[in-house]
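As a plain string of letters, each chain reads:
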Amino acid sequence: MKTFSIRRYRQLPAQAFTLVEMLVVIAIMSILVTAGAVGLTGIGGKGVTTGVASADSIFNEARTIAMGQGTKTRVLVAKTLATNSSENLRRIVVVSEDLDNGVPKPNIWILSSRGTLLPDRTYFSQDFSKDDHASGSGSIKTMTLSAPIPPNFRGEYYYYEFNAEGISSSPGASFIIGSGARPGDANSKPRTTSEGTLDFGGLVIWRSGSTSVFRSPKQMELPDKVTQF
């Protein structure tokens, strides 16, 4: 028969999760759930579906940073970049108000993530994304990033803002993307192809900072036929 000796060990104090760690875990869980939900909607092609899931993760990241650092953050969508114009309406990044010993510097923005690019031939819709989606009114606000922001990130952006509590400054705003092409000028509006007339997807941002994915073109208030967006 084997015998076992029992030793007394000094009991270590329990370590609790920090608020930031808990917020990160919640954000990751939300991303996984959303990615699964998007995969079931069937309203967009692969590029649009992937783009919505990526954008949703960026919104969750921005909200988590705002609450964790106690400062404003913004999700930016490139409108007109000073360089890399091919990334107009495709690049999404997160910025936050700079901190001075933990105190936000109003309207002094720094990059908080490198963000992501929407998939090829997938673009942010300037026409269908609204500041108040329920009423179909209000354009998404814009801002400009300049020095000391790195040159390849400088330019004009559409933005969605969260305050230090993770609350959206534009509750009910929508983020809508579609599949298409931009023939010629990179600053022109994207145009749909015959196959992608209703190849759109997106999400709405609630006051709490949480998001909901649109499940049909009807929820996005799209017309029956779309030529440009």
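The preceding data block contains the structure.
The rules behind the values
- Residues numbered from 1 in each chain as written.
- Predicted model: local features only at pLDDT ≥ 70, side-chain atom pairs only at ≥ 80, totals over all residues.
- Heavy atoms only, no water.
- Pairing = 2+ DSSP bridges.
- Helix = DSSP H or I, 4+ residues; strand = E, 2+ residues; numbered from the N terminus.
- Axes fitted to C-alpha atoms, helices over the stretch in contact; angles between N-to-C directions.
- Contact = heavy atoms within 4.5 Å.
- Salt bridge = Lys/Arg side-chain N within 4 Å of Asp/Glu carboxyl O.
- Buried < 20%, exposed > 50% of the residue type's maximum accessible area, 1.4 Å probe, protein only.
- Polar contact = N/O pair within 3.5 Å; in protein donor to acceptor, adjacent residues only side chain to side chain.

Draft legend 1. Quick look at the sheet that holds strand β5 (residues 142–145). Taken together, the 5 strands give an open sheet; going across it, the order is β3-β2-β1-β6-β5, and neighbouring strands pair in antiparallel fashion. Strands at the two margins of the open sheet, each flanked by one partner only, are β3 (103–117) and β5. Averaged over neighbouring strand pairs, the angle between their axes works out to 40° when direction is ignored. Pairing between strand β1 (residues 73–81) and strand β2 (residues 91–100): 5 bridges, direction antiparallel. From the neighbouring strand, T73 faces β2, where its bridge partner is S96. Against the sheet, helix α2 (residues 46–69) makes contact with β1, β2, β3 and β6 (155–162), and its axis sits at roughly 5° relative to β2, the strand it touches most.

Draft legend 2. Broad picture of the sheet that holds strand β9 (residues 211–213). An order of β4-β7-β8-β9 is seen for the 4 strands of this open sheet, with the pairing classed as antiparallel. Edge strands, defined here as strands with exactly one partner in the open sheet, are β4 (122–124) and β9. Pairs of neighbouring strands in the sheet enclose a mean axial angle of 20°, with direction left out of account. Relative to β9, strand β8 (residues 200–205) is paired through 3 bridges, and the arrangement is antiparallel. If you follow V204 over to β9, its bridge partner there is S212. In this fold α2 packs onto β4, β7 (173–179), β8 and β9, with an angle of close to 20° to the strand it touches most, β8.

Draft legend 3. Layout of the pattern of salt bridges. The full count for this structure, using the stated rule, is 7 salt bridges. D127 is the salt-bridge partner of K189, the closest N and O atoms lying 2.9 Å from each other. Pair noted here: K189 is in the loop between β7 and β8 and D127 is in the loop between β4 and β5, with a separation of 62 residues, a long-range link.

Draft legend 4. Focus on the side chain of S129. Mapped onto the elements of the fold, S129 is located in the loop between β4 and β5. Judged by its relative accessible area of 1%, S129 is buried. Polar side-chain contacts of S129 include one of 2.8 Å to the backbone oxygen of S125. Looking at S129, its side chain comes within polar contact range of the main-chain nitrogen of I176, at 3.0 Å.

Draft legend 5. Structural view of the side chain of T192. Topologically, T192 is positioned in the loop between β7 and β8. Side-chain polar atoms of T192 contact the backbone oxygen of V226, separated by 2.6 Å.

Draft legend 6. Representation of the pairing of β3 in the model. Relative to β3, β2 is paired through 8 bridges, and the arrangement is antiparallel. Residue pairing across strands places S96 opposite I110, the latter belonging to β3. Two successive antiparallel strands, β2 and β3, enclose a turn made up of 2 residues, where N101 displays a positive phi of approximately 55°.

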